[in-house]
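Inside the fold
The chain contents come next:
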Amino acid sequence: MGASTKTGKFAVGFTAAAFVFILISFCSPYWLQTDGKLVNPKFTNLGLWELCLNDFQDIHRFYDTRFTGCMWIFEEEYYILHDYILPGFFIAVQFFFTLCFTLLLMGCVMTLVFLGCSKDNDRYIMLLLTNGTTMVVGAICGLIAVLTFGCNGDGRDWMPNWEHNGMGWAFALGVVGVFLLFPAGILFIVEARRATYRRLNNIANSEMAAYTMDDRKYRGGHTDI
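From a predicted model like this one, the values you see are computed outputs, not experimental measurements.

The rules behind these values
- Residues numbered from 1 in each chain as written.
- Predicted model: local features only at pLDDT ≥ 70, side-chain atom pairs only at ≥ 80, totals over all residues.
- Heavy atoms only, no water.
- Helix = DSSP H or I, 4+ residues; strand = E, 2+ residues; numbered from the N terminus.
- Buried < 20%, exposed > 50% of the residue type's maximum accessible area, 1.4 Å probe, protein only.
- Contact = heavy atoms within 4.5 Å.
- Areas by Shrake-Rupley, 256 points an atom, 1.4 Å probe, with all protein chains shown as cover.
- UniProt positions renumbered as here; feature names shortened; annotations may be inferred.
- Core = buried A, V, L, I, M, F, W, Y, C linked by side-chain atoms within 4.5 Å.
- Phe/Tyr/Trp six-rings, centres within 6.5 Å; stacked < 30°, edge-to-face > 60°.
- Pairing = 2+ DSSP bridges.
- Axes fitted to C-alpha atoms, helices over the stretch in contact; angles between N-to-C directions.
- Polar contact = N/O pair within 3.5 Å; in protein donor to acceptor, adjacent residues only side chain to side chain.

**Digging into the overall build of the protein chain**
A count of helical and extended segments in the protein chain gives five helices and five strands. In the protein chain, which comprises 225 residues, the proportion classed as buried is 40%. Excluding contacts between residues fewer than 6 apart, the proportion of contacts in the protein chain whose partners are at least 24 apart in sequence is 65%. Of the accessible surface of the protein chain, which amounts to about 12700 Å², a share of 63% is contributed by carbon and sulfur atoms.

This is how it looks when you write it as structure tokens:
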């Protein structure tokens, strides 16, 4: 079985933890939220795909529509606000974190294959290298996403009452999940290198044993003569 070494077990553990944290963060609408000090805040909370407003009206545009409640961020009703609620940096955050989550899903599938794969399989090392690389790339994409949101999410040019807005718990989970992906990917790559060394060592030992047997046979035959 794949996870028979400490390195493999730790890699699987980091992968599982990263998946839980990133999945919750990806689905939860609490990347940004109000601090609760305002009686009637215009903005309450925001996730990658959901926005919650309270009697909000965009004063920068000539619309009388007021928005209350939580809706999918691409809801048709929010169409007139898309320029406001979907600035460039937030679209970048959505893209890179979605890419991170997608690569993590691919990594989880490969991890399940790894758990049932024999070390003697010809594609075992390639599986480890591919899985590790996928997770490291996913972690880099996730890091870009959380750094971008961390630098711009609570800025004064975005959601109303910016001074009362702060990073939410879902964002924190996303950060933790992204940083767990790095050791997961690196450990899979380390395991691939160790598997390569073990395989080369076994080949060398087999060749040495075969050479010794041939030498003994040769000496035995020479003595008989």
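The rest of the description comes next.
**Concerning the UniProt feature "transmembrane region" (unreviewed entry) in the protein chain**
This chain's UniProt record puts "transmembrane region" (unreviewed entry) on residues 12–32, 84–117, 124–149 and 169–190. With 88% helix and 0% strand, the stretch residues 84–117 has end C-alpha atoms that lie 50 Å from each other. Between the end C-alpha atoms of residues 169–190 the distance is 32 Å, and the span holds 100% helix and 0% strand.

**Regarding the nonpolar core**
Among soluble globular proteins, nonpolar side chains are generally buried collectively. Formed by 54 residues in total, the largest nonpolar core has its most connected members in Leu46, Leu51, Ile85, Phe90, Phe97 and Phe149. Elements with a contribution of two residues or more to this core: helix H1 (6–27), strand S2 (43–46), strand S3 (50–56), strand S4 (67–72), helix H2 (82–85), helix H3 (88–115), helix H4 (124–152) and helix H5 (169–224). Excluding residues that lie within four positions of it along the chain, Leu51 makes contacts with Phe43, Asn45, Leu46, Gly69, Cys70, Met71, Ile73, Tyr78, Ile85 and Met159.

**Remarks on the packing of aromatic side chains**
According to the stated counting rule, one finds 19 aromatic pairs in the structure shown. Judged by centre distance (4.6 Å) and plane angle (15 degrees), the ring pair of Phe26 and Phe101 falls under stacked. Highlighted residues: Phe26 in helix H1 and Phe101 in helix H3, separated in sequence by 75 residues. Each member of the pair, Phe26 as well as Phe101, is classed as buried. Between Phe179 and Phe182, the aromatic rings sit 6.4 Å apart at their centres with planes inclined by 45 degrees, giving tilted as the arrangement. Of the two residues, Phe179 and Phe182 both sit in helix H5, three residues apart, roughly one turn of that helix.

**Brief notes about the sheet that holds S2**
Taken together, five strands build an open sheet; the order of strands is S4-S3-S2-S1-S5 and the sheet is antiparallel. Looking at the sheet topology across the chains shown, the edges are occupied by S4 and strand S5 (165–167). Taking the axes of each pair of neighbouring strands and ignoring which way they run, one obtains an average angle of 20 degrees across the sheet. Across two bridges, the pairing between strand S1 (residues 32–34) and S2 is antiparallel.

**Section: the environment of Trp31**
Residue placement: Trp31 occurs in the loop between H1 and S1. Sequence-wise, Trp31 and Leu46 are 15 residues apart; in three dimensions their C-alpha atoms are separated by 5.7 Å. Those residues in contact with Trp31, other than ones at most four positions away along the chain, are Ser25, Leu46, Gly47, Leu48, Val93, Phe97, Phe149, Gly166, Met167, Gly168, Ala170 and Phe171. Within the structure, the side chain of Trp31 is placed 2.9 Å from the backbone oxygen of Ser25, a separation counted as a polar contact.

**A word on the side chain of Thr7**
With respect to the helices, strands and loops of the structure, Thr7 is situated in helix H1. By relative accessible area, which is 9% here, Thr7 ends up buried. Side chain to side chain, Thr7 and Arg194 meet in a polar contact 2.7 Å long. Those residues in contact with Thr7 that lie beyond four places of it in its chain are Leu187, Val190, Glu191 and Arg194.

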